[in-house]
Amino acid sequence: MAKLIFTSRYIRDTPPEHLQNYVRYISTREGVEKADESKKNLPATSAQKDLIRQLLKDMPESKDMLEYEDYCRCSTIGNASEFITQAMERNLDMAAMKENYVDYLANRPRVERIGEHGLFTDAGRPVILSEVQKEVSGHKGPVWTHVVSLRREDAARLGYDSAREWMALLRSKRAMLSRHMKIDSADLRWYAAFHNEGHHPHVHLMVYSAKDNDGFLTKAGIEAMRSELAHDIFRQDFAQIYEGQNLARSSLKEKAAERMCLLADSMLQGVCENPIIGEKLQQLSRRLKNTGGKKVYGYLKADVKRLVDQIVDELAKDPAVSEAYRAWGEWQDQIRLTYSSKAPPLPPLSSQKQLKSIKNMVIAEALKLGGHHFLSETSGQEKIQTEARLDELEERILDGSEEIEETEIELETETEPVSADAESMLEAEELLSEPELDVPGLFEGKEKTSAKAEWSRQYKLARSYLYGSKKVPQDFQEAMRLFCQEAERGNALAMYDLGRMWADGLGVEADPDAAREWYRKALNAFLSAEKELPERKKTYLQYRIGKMYLAGLGTEQDYETAALWLERAAEKSHKCAQYTLAGLYVKGQGVEKDLKHAFELYHASAIQGNPYASYEMAKMFRDGTGTKKSAGQAKEHFQDAFSGFQVLEEQSHDDKLQYRLGQMLYQGIGTERDEEEAVRYWQQAAKLGNVNAQYALGKFWLDTRTGDVHQAAAWLEKAADAGKTSAQYVLAKLYLEGCQGEKDVEKAGKLFQKAAEQGNGFAAYRLGRLYLEGEEIPKDMVAAVRWLTEAAEQELPFAQYTLGCLYLKGEEIPKDMGKAVAWLRKAALQGNEYAQYALGKLFLYGQPGMSRDKEKAVPLMEAAAAQGNVYAQFLLENLDSFRDPDLILAATRLMHHLSRIFQEDYRKASGGSGMGHIDRRRRRKLQEKRMAQGHKKDDHEPQQSM
């Protein structure tokens, strides 16, 4: 196993008689070095063995040296000689010989010289050997002599086989030396030299203070420096251990970490029924009531501290806790053994400094006794599970494990499920040149302008420049010039496309006002032209007018008016009108919801060759909505849709079609899954300003398989700037988590707010939590309640539960039982187990102004218990018990607190970030193991509707 040895001694003004023999041995070292190389492999001589025994007696710490480990493994003359030399070198107490010691460090054979000698110190400070010797020999205080040693193979592998690397490392450790050796940085002096010895290259480090008799070093300080140096030197090894990349070296640690996490996770499912803990908690509760000042462990009297420690150690007797603590200790040992020869024994839980926060949790539980704190059990778990659920939803969307349409993923409404460009290809035969019609007032300075919807030669050319083709390169400026000429001639189609170019910023800076004006002119032109056309030629224009009212382009959004126009066109079997009208019947917008009629309209449109209708029919067959469920029919219609979209895209090069094809390829819907081809389509659409494609590319590059955060952020920025609220939300999370480097909480907050103001419920929830917790931004309860309410009103159950808790506690906002119960009930109805438990407990115990109601409590507790809530299960099993449930629940809460401490310690040590308690890959692993042990897949993962 890779290992670093760090020894520390100091030189003082005392006679060196007890090392005279060792010095004499060094002085005769030359003869040994000249010995035949073959003799080095012979067994160690009697003289060597005697000297080694004396060395170990006088300097027992020499047993930790790598050279001694080699000697024990193979007791040869060579290994014995190497150990004796290094042991004596590191223990030269040379009072009155400090000057010689400096010379020895600088000029010893095999020292790597930097100029005339091997000494180095802080950057920019010249090292003159004679001056350093004079300074050290005249120093009246202690001079510490540290030695840091590595095995040859480790030094070569990690790059520490040259003075350059050691120089860079030690120069970066000035603060470490100052901190642990208690020497002010301004007074700290240090010099080092690298000795490139055979099997164990090492560096000598001499440290002292400019002030006499200044500084001191404890065993804890030595251990801390050893640990810090080891973590820096073996950084890449640690990274490999934590990430599981170096399987050969990390398999034991990986198993220990996995076992620890699994056991900690299983603690969350248990109940601690230890009567001794209950009795001692009651004792502690009584003592705390008579204790003044802060109720924090560090401020308590010694006898109260002992009582807390006894509760902690009693908790450690629980089999689940005991096993998890041992596993945690084994996992810690795997790290510690990298820089230490042996791991210390596992102390009692109450003496474990890394887990000391459990003591204050014991105090908190004792203070709660008898108060029926309804939210104590779930306050920590709720946040963990909420964040995990949010992460899992995003991951499924990214991976394509949930086939979700764009309108289902996004919180904003998709206004154009069928693009105008694809419609043009579907209806090209219906776009006939019409006689000019007078439509006054379309253009300022014109007395009259004719209105038409003409698929003219110039209009077709303009579209070719807009989308590009094999024959015509994409050219937004030329497209706009030709559209403007067509618009001046009264072509409503060109006016509409101009509106789109100004809206999406194609060839121009995006200008919503200019876009609205062109859409207004286009709608007026469509309306005027429709009035003048004979009935048989009105169909297409009626459809286009209906679509503009539906999307609110050039007018206020009006579903009823849109439905009237679309109905007229659909009655004449216009396939695009039938498709769009079906969508209104699905959602009940402007018409009464009617899934069966929607299916009929989709069918009528699909048989006329509309791939969009085929796609929607496939979904209805798949889900059994509006028709009988049929996987075979669904697959057939998805394939028809994909083929039809490909044909349309080849003709129109429409960005919305490209985005849709990319989605189908990425998710493997109607075709084989092909990520590379999906990205190609998305990139084409993104270049045309399609924000959905930009967002899809951003999410794609966030995927752990591709993992390019900077490229992801670039695409998400584009989509966010165009107003895509989901892009703003994801980008805000990247800034908040510091995925691109430094955290930028200010940018994250602005993006969350921007998205929330446009109706993104997830962003509203995150923003509310930020204001509520007050860790990343200043705490603001007014803002927290505002945004949490915004999210709760969008039926997000975790926002509803959070609001219910705030009103129930009444600690940071005025208590309001009516609002508390109302929000908890809403969340409970959506399956939130924590809301079910809290509401059930409220009904079970009652509150001022709220009577007990066991009949209402039991179904809520049963619903929570069915989702794995152990507290609810315990209360159900002890409804009529004579025991006080508060004591059992308090002990159980402590066990669960400890579980989260284990998990959080693992997360921090393994470099975890974000808000989940364990990373996604490990979460999946643990879930698989738990399922293998008989647990349900969704234990402790409430399926909250998004």
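Computed from a predicted structure; not experimentally measured.

1. Some thoughts on the overall build of the protein
When its secondary structure is counted, the protein shows 45 helices and six strands. For the protein, the proportion of its 946 residues judged to be buried stands at 55%. Counted over contacts in the protein with a minimum sequence separation of 6, partners at least 24 positions apart contribute 66%. Approximately 42500 Å² of the protein is accessible, and the part contributed by carbon and sulfur atoms is 49%.

2. Looking at helix H11 (residues 219-233)
With 15 residues, H11 ought to run about 21 Å at 1.5 Å a step, and its terminal C-alpha atoms sit 21 Å apart, in line with that. Taken as a whole, H11 has its buried residues at Gly-221, Ile-222, Met-225, Arg-226, Ser-227, Leu-229, Ala-230, Asp-232 and Ile-233.

3. A look at unusual backbone geometry
Most peptide bonds take the trans configuration, and most residues that are not glycine carry a negative phi. Phi at Ser-573 takes a positive value of approximately 65 degrees, unusual for a residue other than glycine. By the secondary structure assignment, Ser-573 is in the loop between helix H26 (559-571) and helix H27 (575-587). Ser-573 sits in the partly exposed class, given a relative accessible area of 41%. In this structure, Glu-795 takes a positive phi of about 65 degrees despite not being glycine. Position of Glu-795 among the secondary structure elements: in the loop between helix H38 (781-793) and helix H39 (797-809). A relative accessible area of 39% means that Glu-795 is categorised as partly exposed.

4. A look at helix H15 (residues 302-315)
With 14 residues, H15 should cover 20 Å at 1.5 Å per step; its first-to-last C-alpha distance of 20 Å lies within 8% of that length. Inspection of H15 places Val-304, Leu-307, Val-308, Asp-309, Ile-311, Val-312, Glu-314 and Leu-315 among the buried residues, and these make up the whole buried set.

5. Some thoughts on the environment of Met-65
Looking at the secondary structure, you find Met-65 in the loop between helix H3 (46-58) and helix H4 (66-73). Judged by relative accessible area, Met-65 falls into the buried class, the value being 2%. Sequence separation between Met-65 and Thr-7 is 58 residues, and the spatial gap between their C-alpha atoms is 8.5 Å.

6. Observations concerning the confidence of the model for the protein
Model confidence for the protein is summarised by a mean pLDDT of 76, while 71% of its residues fall at 70 or above. Overall, residues 912-922 carries pLDDT values under 50, and its contacts beyond four positions in sequence, including any with other chains, amount to 26 contacts.

7. Focus on the packing of aromatic side chains
By the definition in use, this model includes 22 aromatic pairs. For the pair Tyr-160 and Trp-166, a centre-to-centre distance of 5.1 Å together with 65 degrees between the ring planes defines the contact as edge-to-face. Of the residues examined, Tyr-160 reaches a relative accessible area of 8% and is grouped as buried. Accessibility expressed as a relative area gives 1% for Trp-166, which makes it buried. Ring centres 4.8 Å apart and planes at 65 degrees place the aromatic pair Tyr-612 and Phe-645 in the edge-to-face group.

8. Regarding the nonpolar core
If you look at the biggest cluster of nonpolar residues, it comprises 92 residues, and the most contacted ones within it are Phe-483, Phe-526 and Trp-682. Aside from chain neighbours lying at most four places away, what touches Trp-682 is Gln-658, Tyr-659, Gly-662, Gln-663, Tyr-666, Ala-693, Ala-696, Leu-697 and Phe-700. Counting 73 residues, the second largest nonpolar core, distinct from the first, contains Ala-732, Phe-762, Leu-796 and Ala-872.

9. Remarks on the pairing of strand S3 (residues 188-195)
Extensive coverage of S3 is indicated by the burial of eight of its eight residues. Both faces of S3 are covered, namely the face carrying Leu-188, Trp-190, Ala-192 and Phe-194 and the face carrying Arg-189, Tyr-191, Ala-193 and His-195. Of the pairings in the sheet, the one linking S3 to strand S4 (residues 202-209) comprises eight bridges and is antiparallel in character. Bridging from a neighbouring strand, Trp-190 pairs with Val-207 of S4.

10. Considering the packing of helix H41 (residues 833-845) against helix H43 (residues 870-877)
The contact between H41 and H43 brings their axes to 10 Å, and the two run at 30 degrees. With respect to H43, the axis of H41 lies roughly parallel. Judged by the twist between their axes, the crossing of H41 over H43 is left-handed. Note on element contacts: H43 touches H41 through Tyr-871, Ala-872 and Leu-875, opposite Tyr-837, Lys-841, Leu-844 and Tyr-845. Its residues assigned to classes, the contact of H41 with H43 shows six nonpolar, no polar and one charged.

11. Some words on the environment of Asp-475
Here Asp-475 is to be found in the loop between helix H21 (457-467) and helix H22 (476-488). Classification of Asp-475 by relative accessible area gives partly exposed; the value is 30%. Placed 32 residues apart in sequence, Asp-475 and Gly-507 show a C-alpha to C-alpha distance of 8.1 Å. Within the local environment of Asp-475, its side chain forms a polar contact with the backbone nitrogen of Gln-477, the two atoms lying 3.2 Å apart.

12. Some details on the pattern of salt bridges
Scanning the entire structure with this criterion turns up 30 salt bridges. Notably, a salt bridge pairs Asp-655 with Arg-500, separated by 2.5 Å at the nearest N-O pair. Here Arg-500 lies in helix H23 (residues 492-504) and Asp-655 lies in helix H31 (residues 655-667), a separation of 155 residues in the sequence. By relative accessible area, which is 1% here, Asp-655 ends up buried. Judged by its relative accessible area of 7%, Arg-500 is buried. Ionic pairing is found between Arg-622 and Asp-623, a salt bridge with its closest N-O pair at 2.8 Å. Counted as one network, the salt bridges with shared partners bring together Glu-69, Asp-70, Arg-73 and Arg-151.

13. Examining the packing of H26 against H27
Closest axis-to-axis distance for the H26/H27 pair is 9 Å, and the angle between their directions is 140 degrees. When the interaxial angle is binned, H26 and H27 end up oblique. Seen from above, H26 lies across H27 with left-handed handedness. Note on element contacts: H27 touches H26 through Ala-577, Gln-578, Thr-580, Leu-581, Leu-584 and Tyr-585, opposite Tyr-559, Ala-563, Leu-566, Glu-567, Ala-569 and Ala-570. Each residue belonging to the contact of H26 with H27 can be placed in one class, and the counts come to nine nonpolar, two polar and one charged.

Conventions we followed
Residues numbered from 1 in each chain as written. Predicted model: local features only at pLDDT ≥ 70, side-chain atom pairs only at ≥ 80, totals over all residues. Heavy atoms only, no water. Helix = DSSP H or I, 4+ residues; strand = E, 2+ residues; numbered from the N terminus. Buried < 20%, exposed > 50% of the residue type's maximum accessible area, 1.4 Å probe, protein only. Contact = heavy atoms within 4.5 Å. Areas by Shrake-Rupley, 256 points an atom, 1.4 Å probe, with all protein chains shown as cover. Expected span 1.5 Å × (residues − 1). pLDDT = per-residue confidence, 0-100. Phe/Tyr/Trp six-rings, centres within 6.5 Å; stacked < 30°, edge-to-face > 60°. Core = buried A, V, L, I, M, F, W, Y, C linked by side-chain atoms within 4.5 Å. Pairing = 2+ DSSP bridges. Axes fitted to C-alpha atoms, helices over the stretch in contact; angles between N-to-C directions. Parallel < 35°, antiparallel > 145°, perpendicular 65-115°, else oblique. Left-handed = near helix turned anticlockwise from the far one by under 90°. Nonpolar A, V, L, I, M, F, W, Y, C, P; charged D, E, K, R; others polar. Polar contact = N/O pair within 3.5 Å; in protein donor to acceptor, adjacent residues only side chain to side chain. Salt bridge = Lys/Arg side-chain N within 4 Å of Asp/Glu carboxyl O.

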